[in-house]
Structures are given as structure tokens and as C-alpha cells.
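# Geometric and topological summary
Now for the letters of each chain:
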Amino acid sequence: MANNKDTKRYLMEKNPEEAERLALAQEIIVDYMGKPVWAPIDFSKPGLKILDSATASGVWLQDLERTLPSESNNTYIGTDLTPMFFPEKRSPAITLSIQNIKEPWPEDWMNIFDLVHQRAALPAVGNRGSPKVISDLIGLAKPGGWIQFVEPDHSVVEGPADRAFFYLLEEIFATMDSDTDIAPRIEGWFQEAGLQSVGCKIFDVPLGAKNPKKEMQAKSAKFYALGGNGVVQVAKNSPVSFSPEALENLVSDLQEEMSSKGGVLRLYCVWGQKPSV
Ligand SMILES: C[S@@+](CC[C@H](N)C(=O)[O-])C[C@H]1O[C@@H](n2cnc3c(N)ncnc32)[C@H](O)[C@@H]1O
């Protein structure tokens, strides 16, 4: 049986609806978080350099760029292992390039960024690889610059279908030598790496029927179903304990649970400041 240890590939890259899933995620997450950046960076300063690592379609950067005044003259850079989600149409202020977070970053990017952001990418390196990825990203921030990570805690589930989905995810992550308990550890890793003013906010994003906004109910249910389906497709070619029938039922069970009871996506948003020299 195949496994998912190929480190040059992204788990969900074969999901034909991945770009749509990520766009929905951006909408429901920022709607609930209220703002994309909780690190107390001063956005009134012009000429900020902002990096979004593991950016995929760059949707987080695009949103941020849209909300900040164009005369701020900021630089927005997004990087990813694969360019397959890079959009053809994007603001000229945004540059996208290929970069594996496990490999060295360009020398001339050291100490230059005011904000380094990464969301939903640490499972690619697991608990063992995360401290090194974090320390490399801190290397890119300028002294006094900020780092912000956002990662989901998939262990927080409400209904039986979501619990079954979590068990499946645990098995898939194990085939990647990864872990599902990464998010609660980030704050400690930031402190160990010497960041200052470390802060953490937990957001329980309401999904499906639980979301008080009608529009977000449909979008969040669809987001979760697309994710469930993407993971099930990966599972079909992975050494997991779920029978083909159980896998087949999982997506419809998830959809039913989201529209009847709803669910929750727990996100950890963690930030810290690189000490000034
Ligand atoms: C779940 S998506 C999140 C994308 C984006 N940060 C967002 O929140 O919309 C994970 C992204 O991490 C990227 N990725 C996975 N492993 C990576 C690696 N080793 N280096 C850089 N990017 C990686 C994938 O290609 C994918 O685009």
C-alpha cells in the first residue's frame, strides 16, 4: 500500500476542490477571528514586508492586501512547496515563489520581514520538525518583527461523524510521520525559540448549523465536507483501518451532522516578537 511520506508533496494536492476549500476556509476563519492578524503589528507604518509561508493560493495575503491602504506601499510575498494553487490573477503587489519549509531560505531574506505568517502547514513537518521550521521562519523576521501561526486542533470534535473523521485523520497523519496535537504546542515552541510578548488566542469557529450567520452556515458546511472528501480520497490509497464502506459513508455522515447539529473548528492563533538587538 502507498503511504504519504513523500515530503515533496502536499497531502491534499490531488483534491480538485482544494482551492475552493481554502477560499471558503479563509472566509469563515476571518469572519470569526474578526481580523487576519492578531500580532500587535503597527499597520499604519508604510513599507511593511509581509511573508506568508505555505501560502497555497495566497488567499490570506490577498485579503490582507485588500484591507490595507494601497498607499502603504507594502511588499507581500507568498511561498509554497508547490505552485499548483498560485492564482494567475493577483495584485501586482503580491509575489509568489516556491519554497519548501524544510529547506534553507534565501540568504537575502534573513532579518527583513515585519511579519511572517504561516497557517495550517505544520502537519507537513510534525512535532519533530516544527521547532526547526519555526526557528528558520524567525530568522526571516527583522529584529522587532512579528511571527504569527494559525493551526487547527482537530481533536476538538462534537458529533460522532466528526469523531470518526478525527480518527481517520490521525491514521493518515501517522502515515506521514505527523501528529494531530501540534497546535497547543506552538506557544511553548515560540517561547523556547526566544520570542517575546508571546500571545495565543483560541477560536472555536462554528461550523454548519452552529454558525449563527446563515451565509456562513452553508459556506462552513461546504468547507468541512470538501475537506472530509479530500481526506477520504487520500485514505482510499493509504494503509488505514477504515473499510471502503466506512470511508464511503463518512463524507455523507459528516455532511448530515454539519447541517443538522453543526460542529466546531478549533484554531490556535499564536504570535510572538523577535527581540530587537
Ligand atoms: C492546508 S494548506 C494551507 C494553505 C494556506 N496557508 C491557507 O491557510 O490558505 C497547506 C499548504 O502547505 C503547503 N505545504 C505542505 N508542505 C510544505 C512544505 N514542506 N513546504 C512548504 N509548503 C508546504 C501545501 O502545499 C499547501 O499549500
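Residue numbers here run from 1 along each chain, matching the order of that chain's written sequence. Per-residue local features of the predicted model are confined to residues with pLDDT of at least 70, and side-chain atom pairs are confined, for both listing and counting, to 80 or more; whole-chain, interface and lining totals are unaffected and use all residues. Just so you know, side-chain values use all the structure's heavy atoms and leave hydrogens and water out.

### As for the overall build of the chain
When helices and strands are tallied, the chain shows seven helices and seven strands. For helices the rule is a DSSP run of H or I covering at least 4 residues; for strands it is a run of E covering at least 2, with both sets numbered from the N terminus onward. In sequence order, the chain lays out its α and β elements as α-β-α-β-β-β-α-β-α-α-β-α-α-β. For a compact globule of 277 residues, the expected C-alpha radius of gyration is about 19 Å, and the chain comes in at 18 Å, within 12% of that figure. The principal-axis extent of the C-alpha atoms belonging to the chain is close to 55 × 40 × 35 Å. Burial classes: relative accessible area under 20% of the type maximum marks a residue as buried, over 50% as exposed, and values in between as partly exposed (1.4 Å probe, protein chains only). Considering the chain as a whole, with its 277 residues, one finds that 51% of them fall into the buried category. The atom set for the radius of gyration is the C-alpha atoms, and the globule formula is 2.2 Å times the number of residues raised to the power 0.38.

### Brief notes about the site of the ligand
Residues are classed as near a molecule or strand on a simple rule: at least one heavy atom within 4 Å of it. Lining the immediate environment of the ligand, one finds 17 residues, of which Ala54, Asp80, Asn100, Ile101 and Arg119 sit closest. Take Ala54: an N or O atom from its main chain is 2.7 Å from a nitrogen atom of the ligand. Throughout, the Shrake-Rupley method with a 1.4 Å probe supplies accessible areas, and for residues the shown protein chains are the sole cover considered. Alone, the ligand offers 600 Å² of accessible surface; in the complex the protein occludes 95% of this. Note on residue classes: Ala, Val, Leu, Ile, Met, Phe, Trp, Tyr, Cys and Pro are nonpolar, Asp, Glu, Lys and Arg are charged, and everything else, Gly too, is polar. Taken together, the residues of the shell around the ligand break down into ten nonpolar, four polar and three charged. We define a polar contact as two N or O atoms separated by no more than 3.5 Å, with the added condition that, inside protein, one atom must be a possible hydrogen donor and the other a possible acceptor, whereas residues neighbouring each other in sequence contribute only through side-chain atom pairs.

### Quick look at the packing of helix H1 (residues 18–33) against helix H6 (residues 214–235)
Interaxial angle, 0 to 180 degrees, is taken between N-to-C directions of lines fitted to C-alpha atoms, where a helix line uses only the stretch in contact. Viewed as axis vectors pointing N to C, H1 and H6 meet at an angle of 135 degrees, and their least axial separation amounts to 9 Å. When the interaxial angle is binned, H1 and H6 end up oblique. Between H1 and H6 lies a crossing of left-handed hand. Judged by residue contacts, Glu20, Arg21, Leu24, Ala25, Glu27, Ile28 and Asp31 of H1 engage Glu215, Met216, Lys219, Ser220, Lys222, Phe223, Leu226 and Gly227 from H6. Oblique is the label for any angle not under 35 degrees, not over 145, and not in the 65 to 115 range, which are roughly parallel, roughly antiparallel and roughly perpendicular in turn. Should the near helix be turned anticlockwise from the far one by less than a right angle, the crossing is termed left-handed; should it be turned clockwise, right-handed. Contact definition: two residues touch when any of their heavy atoms are within 4.5 Å.

### Some remarks on helix H2 (residues 59–67)
Within the span of H2, buried status applies to Val59, Trp60, Leu61 and Leu64. Next to the buried residues of H2 lie H1, strand E1 (49–53), strand E2 (75–80), strand E3 (94–98) and strand E4 (113–119).

### Looking at the environment of Arg21
By the element assignment, Arg21 lies in helix H1. Between the alpha carbons of Arg21 and Tyr224 there is a distance of 8.1 Å; along the sequence they are 203 residues apart.

### Some remarks on helix H4 (residues 160–175)
Here a helix's expected span is defined as the number of its residues, less one, multiplied by 1.5 Å. Taking 1.5 Å of rise per residue, 16 residues should cover 22 Å, and H4 covers 23 Å from first to last C-alpha, within 8% of that figure. Taken residue by residue, H4 has Ala161, Asp162, Phe165, Phe166, Leu168, Leu169, Ile172, Phe173 and Thr175 as its buried positions. Along its buried surface, H4 packs onto H6, helix H7 (244–260) and strand E7 (263–273). Immediately downstream of H4, the backbone of Asp177 shows phi near 60 degrees, a positive value.

### Regarding the pattern of salt bridges
One speaks of a salt bridge when a side-chain nitrogen belonging to Lys or Arg is within 4 Å of a carboxyl oxygen belonging to Asp or Glu. By the definition in use, this model includes twelve salt bridges. Linking Glu20 and Lys222 is a salt bridge whose minimum nitrogen-to-oxygen distance equals 2.6 Å. You can see Glu20 sitting in helix H1 and its partner Lys222 sitting in helix H6, a full 202 residues away along the chain. We classify Glu20 as partly exposed; its relative accessible area is 33%.

### Structural notes on the environment of Pro83
By secondary structure assignment, the location of Pro83 is in the loop between E2 and E3. Assessed through its relative accessible area of 40%, Pro83 is described here as partly exposed. In this structure the C-alpha to C-alpha distance between Pro83 and Ser57, which are 26 residues apart in sequence, comes to 8.4 Å.

### Things to note about the state of the cysteines
In plain terms, two cysteine sulfur atoms within 2.5 Å form what is called a disulfide here. Scanning all chains against the criterion turns up zero disulfides. You can see Cys200 has no disulfide; the closest cysteine sulfur is in Cys269, sitting 7.6 Å from it. The class for Cys200 is partly exposed, based on a relative accessible area of 28%. Among the residues examined, Cys269 registers a relative accessible area of 0% and is labelled buried.

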